[in-house]
Amino acid sequence: SIEATQAYLDRIAKVDGQLNSYITVCGEEALAAARLADAEIAGGGYKGPLHGVPMAVKDQFYTKGIRTTGGSNILKDLVPDEDATVVANLKRAGAVLLGKLNMSEFAMGDAFHHPYGRPHNPWDLSRNPGTSSSGSGAATAAFLCATSLGEDTGGSIRGPAAFCGLTGIRPSWGRVSRFGVLGASWSMDIAGPISRTVADCAVTLAAIAGYDPKDPYTWDVPVPDYTAALTGDIRGLKVGVIQERVNTTAVDPDIRDGVVKAISVLGELGANVEDISIPLIADSAAISAAVTAVDAVNVHRNGMRDHLDQYDHNIQIRLLTGSIMPAQAHQKAVRLREMLRRQIMEALEKVDVLVMPTSSIPASLLPTRSRVNSKEEVLEGFAGRRGFTAPFNLASLPALSVGCGFTPENLPIGLQIAGKAFDESTVFRVAHAYQQATDWHTRRPPV
């Protein structure tokens with residue numbers, strides 16, 4: 001562990017100046033934890049597959065004695081006196097914390113200004129590594145940590161995973177504690193891993209999942225051995241292809257081709273592939289945005305009152321929009337959310353998993369100006385790639401992105417696999433079988 005930890009710290013020092021994936025690096029603390037891990041393992045006290053493994057977490061999670069900024073200058077001096085439950089669980093599993101990863105301000109993906117440096121995509125430094133868990137995606141893809149934690153409200157685990165050629169899962173809502181997590185939307189926030197392989201992702205989720213009395217929204221249900229599902233065998237499983245998200249001009253042709261080829265691999269592996277229709281899915285981005293905008297206002301009510309001007313410009317616009325949204329509009333979004341959830345649940349009564357692209361586009365170019373400057377730009381933000389991750393956070397279901405190819409510009413493509421509530425095992429099973437049959441996950445970015 002000492003050697004691995006030092007190697008990661010050396011690579012962070014060498015490479016991260018190009019990526020800005022870390023906000024805080026905990027070098028001394030990490031080496032101390034690595035020495036302890038080596039001693040424990042040598043003494044026969046092996047804790048499991050994460051024992052001594054150097055990893056990093058999004059700066060959205062409280063870390064005792066280590067600042068937690070939420071990607072904002074507003075919290076630049078916040079040093080929590082306790083760990084978030086997910087961090088405590090990682091330490092209990094023996095993991096070594098390398099540091100805190102960069103993110104969009106307060107996990108709201110619209111932020112333009114990044115006070116700790118704008119994160120860059122290691123596959124192309126001129127492009128976005130995904131929002132809001134941008135540092136988690138960039139650091140993991142560039143081998144600046146062994147695995148990482150992100151947080152997904154509307155796609156902030158799956159998006160960076162797709163843009164950076166990684167595996168990332170948004171677990172079922174209630175599977176992972178949110179105690180000590182800076183929130184964005186009480187009804188959709190969930191922590192989860194971003195890793196280089198499905199197996200790493202499964203091991204990381206197993207370490208953080210489970211009931212927590214400190215979070216009343218966690219479900220008191222058993223956490224299975226996710227690695228037991230990684231059999232490579234998906235013969236007879238039913239895979240539903242969401243037609244409204246595959247056969248549509250809304251998807252970049254290179255993305256669609258990559259996803260269609262990936263689906264054909266699942267068929268070759270013995271899965272029964274069939275078309276599924278979910279009509280309301282086309283409106284999922286607008287539904288999600290309407291719900292989260294109001295949720296965010298509630299989370300930030302004190303900040304809006306005391307120092308609204310200190311927020312990023314785009315975040316100010318988002319919060320102010322949420323604060324004046326008519327009650328009937330919000331209620332309509334809530335009702336549409338339930339209708340969409342019902343359509344997805346009914347589809348999952350026919351099949352074991354649903355598949356579609358994680359994003360309609362590859363990693364986008366980094367913006368050169370604030371994006372929210374007109375009504376048209378706001379409306380554009382209510383559609384596009386958000387409509388590809390939003391369905392499953394609205395439905396509170398597990399959804400995973402796994403790399404399934406590259407565009408001609410060598411930008412990663414993500415296949416999204418979603419499953420029934422608390423059935424992450426089947427999602428992992430399908431993703432792992434696909435990954436074992438392909439070699440996309442073995443490619444390294446040029447950084």
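Preceding this section is the structure that the text describes.
Source: prediction; values computed, not measured. (Residues numbered from 1 in each chain as written. Predicted model: local features only at pLDDT ≥ 70, side-chain atom pairs only at ≥ 80, totals over all residues. Heavy atoms only, no water.)

1. Section: the overall build of the protein chain
Point 1. In terms of helices and strands, the protein chain carries 15 helices and 11 strands.
Point 2. Taken over C-alpha atoms, the radius of gyration comes to 20 Å for the protein chain, in line with the 22 Å a tight globule of 447 residues would show.
Point 3. Reported as C-alpha extents along the three principal axes, the dimensions of the protein chain are approximately 55 × 55 × 45 Å.
Point 4. Split into buried and exposed, the 447 residues of the protein chain put 59% on the buried side.
Point 5. Contacts in the protein chain between residues far apart in sequence, at least 24 positions, make up 80% of those at least 6 positions apart.
Point 6. A total accessible area of about 17100 Å² is found for the protein chain, and carbon and sulfur atoms account for 53% of it.
Point 7. Where the 42 positive side-chain charges of the protein chain centre and where its 47 negative ones centre are 2 Å apart. (Helix = DSSP H or I, 4+ residues; strand = E, 2+ residues; numbered from the N terminus. Rg over C-alpha atoms; globule rule 2.2 N^0.38 Å. Buried < 20%, exposed > 50% of the residue type's maximum accessible area, 1.4 Å probe, protein only. Contact = heavy atoms within 4.5 Å. Areas by Shrake-Rupley, 256 points an atom, 1.4 Å probe, with all protein chains shown as cover. Lys, Arg positive; Asp, Glu negative; His and termini not counted. Charge placed at Lys NZ, Arg CZ, Asp CG, Glu CD.)

2. Side note on the pattern of salt bridges
It is possible for side chains bearing opposite charge to pair when their charged atoms get close.
Point 1. Tallying each qualifying case throughout the model produces 12 salt bridges.
Point 2. The shortest N-O distance in the salt bridge between Glu 40 and Lys 47 comes to 3.6 Å.
Point 3. Note that Lys 58 and Glu 151 form a salt bridge whose closest N and O atoms lie 3.9 Å from each other. With Lys 58 in strand S2 (residues 54-58) and Glu 151 in strand S4 (residues 147-151), this pair connects stretches of sequence that are 93 residues apart. Both residues of the pair, Lys 58 and Glu 151, belong to the buried class. (Salt bridge = Lys/Arg side-chain N within 4 Å of Asp/Glu carboxyl O.)

3. As for the packing of aromatic side chains
Point 1. Throughout the structure, instances matching the rule amount to 8 aromatic pairs.
Point 2. When the ring of Trp 173 is compared with that of Trp 186, the centres are 6.3 Å apart and the planes differ by 70 degrees; the resulting orientation is edge-to-face. One end of the pair, Trp 173, is in the loop between strand S5 (167-170) and strand S6 (191-195); the other, Trp 186, is in the loop between S5 and S6, and 13 residues separate them in sequence.
Point 3. Overall, Trp 173 belongs to the buried group, its relative accessible area being 16%.
Point 4. The class for Trp 186 is partly exposed, based on a relative accessible area of 46%.
Point 5. Taken together, a centroid distance of 5.3 Å and an interplanar angle of 65 degrees make the contact between Tyr 226 and Phe 428 edge-to-face. With Tyr 226 in the loop between helix H6 (198-208) and strand S7 (238-242) and Phe 428 in helix H15 (residues 424-437), the pair connects residues that are 202 residues apart, well separated along the chain. The same class applies to Tyr 226 as to Phe 428, namely buried.
Point 6. Through successive ring pairs, a cluster of aromatic residues spans Trp 123, Phe 406 and Trp 440. (Phe/Tyr/Trp six-rings, centres within 6.5 Å; stacked < 30°, edge-to-face > 60°.)

4. So, helix H1 (residues 2-19)
Point 1. With 18 residues, H1 ought to run about 26 Å at 1.5 Å a step, and its terminal C-alpha atoms sit 24 Å apart, in line with that.
Point 2. Ala 13 marks where H1 bends most, by close to 40 degrees.
Point 3. When H1 is considered as a whole, its buried residues turn out to be Thr 5, Tyr 8, Leu 9, Ile 12, Val 15, Asp 16 and Leu 19.
Point 4. On the buried face of H1, the contacting elements are strand S1 (22-25), helix H2 (27-42), S2, strand S3 (96-101) and helix H4 (134-141).
Point 5. One or two positions beyond H1, positive phi appears at Asn 20, with a value near 55 degrees. (Expected span 1.5 Å × (residues − 1). Bend = angle between axes of the 7 residues up to and from the residue.)

5. A closer look at helix H11 (residues 313-323)
Point 1. The set of residues buried in H11 consists of Asn 314, Ile 315, Gln 316, Arg 318, Leu 319 and Gly 322.
Point 2. Residues of H11 that are buried make contact with helix H9 (284-299) and helix H10 (301-307).

6. Quick look at the environment of Trp 123
Point 1. One can find Trp 123 in the loop between S3 and H4.
Point 2. It is 19 Å that separates the C-alpha atoms of Trp 123 and Arg 385, two residues lying 262 residues apart in sequence.
Point 3. Apart from the residues lying within four places of it in its own chain, the contact partners of Trp 123 are Ala 141, Phe 163, Cys 164, Gly 165, Phe 406, Asn 410, Pro 412, Arg 443, Arg 444, Pro 445 and Pro 446.
Point 4. In terms of polar contacts, Trp 123 uses its side chain to reach the backbone carbonyl oxygen of Cys 164, at 2.9 Å. (Polar contact = N/O pair within 3.5 Å; in protein donor to acceptor, adjacent residues only side chain to side chain.)

7. Let's talk about the side chain of Thr 389
Point 1. With respect to the helices, strands and loops of the structure, Thr 389 is situated in helix H14 (residues 386-394).
Point 2. Judged by its relative accessible area of 6%, Thr 389 is buried.
Point 3. Among all residues touching Thr 389, those that are not within four sequence positions of it are Gly 154, Gly 155, Arg 158, Thr 358 and Gln 416.

8. A look at the nonpolar core
Side chains of nonpolar character tend, in soluble globular proteins, to be buried together.
Point 1. Core analysis: the largest hydrophobic core is formed by 81 residues, its most contacted members being Leu 354 and Phe 428.
Point 2. At 7 residues, the largest contribution of residues to this core is made by H6.
Point 3. With near-sequence residues (within four places) excluded, Phe 428 lies in contact with Ile 169, Val 198, Cys 201, Ala 202, Leu 205, Tyr 226, Leu 230 and Leu 400.
Point 4. Core analysis: the next-biggest nonpolar cluster, separate from the first, contains 18 residues, Ile 12, Ala 30, Ala 34 and Ala 146 among them. (Core = buried A, V, L, I, M, F, W, Y, C linked by side-chain atoms within 4.5 Å.)

9. Considering the packing of H6 against H15
When two helices pack together, their arrangement is given by the angle between the helix axes and by the axis-to-axis distance.
Point 1. Packing of H6 against H15 brings their axes to within 9 Å, and their N-to-C directions diverge by 160 degrees. When the axis of H6 is compared with that of H15, the two are roughly antiparallel. With respect to the hand of their crossing, H6 and H15 are arranged in left-handed fashion. Contact residues: Val 198, Cys 201, Ala 202 and Leu 205 in H6; Glu 424, Phe 428, Ala 431, His 432 and Gln 435 in H15.
Point 2. Tallied by class, the residues present in the contact of H6 with H15 amount to 6 nonpolar, 2 polar and 1 charged. (Axes fitted to C-alpha atoms, helices over the stretch in contact; angles between N-to-C directions. Parallel < 35°, antiparallel > 145°, perpendicular 65-115°, else oblique. Left-handed = near helix turned anticlockwise from the far one by under 90°. Nonpolar A, V, L, I, M, F, W, Y, C, P; charged D, E, K, R; others polar.)

10. Section: the pairing of S7
Point 1. Buried residues dominate S7, accounting for 4 of its 5 residues.
Point 2. Pairing between S7 and strand S8 (residues 272-276): 5 bridges, direction parallel. Pairing of Lys 238 across the sheet is with Asn 272, part of S8.
Point 3. As defined by bridge partners, S7 adjoins strand S9 (residues 353-357) across 3 bridges and the pair is classed as parallel. (Pairing = 2+ DSSP bridges.)

By themselves, these observations are geometric and do not establish any function.
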